[in-house]
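Residue strings, one per chain:
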Amino acid sequence: MLIGVLRFVGPAQQISGGLYIREVELDIHTVDPLSGDVGQALEIREKGGGASEQLSTENALDRLRNSVESSVKEWTWT
């Protein structure tokens, strides 16, 4: 079983040119559902940019999704 905690690292920040940047962080842990033992852990942080706060958030979450998929594929499942 996977358990994760998603956090936004502060509010979206406006940068030059009217663009925004947003950072998200996800902590994931594997937990054995029978024993409750915590196994592998993963912390991923990603940033996304856009012309609005909403777009920067969506882009950060999309990048995070891609990173999680790539990282979890490398785990060994038994």
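See the structure above.
What you are looking at is a predicted structure, and each value in this text was computed from that prediction instead of being measured.

Caption draft 1: Fine view of the overall build of the chain. Assigned secondary structure in the chain consists of one helix and four strands. The N-to-C order of helical and strand elements in the chain reads β-β-β-β-α. Counting only C-alpha atoms and orienting by the principal axes, one finds that the chain spans roughly 50 × 20 × 15 Å. Expressed as a percentage of its 78 residues, the buried residues of the chain come to 31%. Look at the contacts in the chain between residues 6 or more apart in sequence, and 46% of them connect residues 24 or more apart. Carbon and sulfur atoms form 53% of the exposed surface of the chain, whose accessible area is close to 5200 Å². Considering the chain, the positive charge centre built from 7 side chains and the negative charge centre built from 12 side chains are found 6 Å apart.

What counts as what
- The written sequence of each chain sets the order in which its residues are numbered from 1.
- Residues qualify for local features only when their pLDDT is at least 70, as the model is predicted, and side-chain atom pairs are given and counted only at 80 or more; totals for whole chains, interfaces and linings, by contrast, use all residues.
- Think of the side-chain values as coming from all heavy atoms in the structure, minus any hydrogens and water.
- Strands here are runs of E lasting at least two residues and helices are runs of H or I lasting at least four, both read from the DSSP assignment and numbered beginning at the N terminus.
- Note on classification: 1.4 Å probe, protein chains only; a residue is buried when its accessible area is under 20% of the maximum for its type, exposed when over 50%, partly exposed between these limits.
- In what follows, a contact means two residues having at least one pair of non-hydrogen atoms within 4.5 Å.
- Surface accessibility in these figures is a Shrake-Rupley result with a 1.4 Å probe; residues are shielded only by whichever protein chains are displayed.
- All tallies of charge rest on Lys and Arg as positive and Asp and Glu as negative; His and the ends of each chain are not included.
- In plain terms, the charge of a residue is placed at NZ if it is Lys, CZ if Arg, CG if Asp and CD if Glu.

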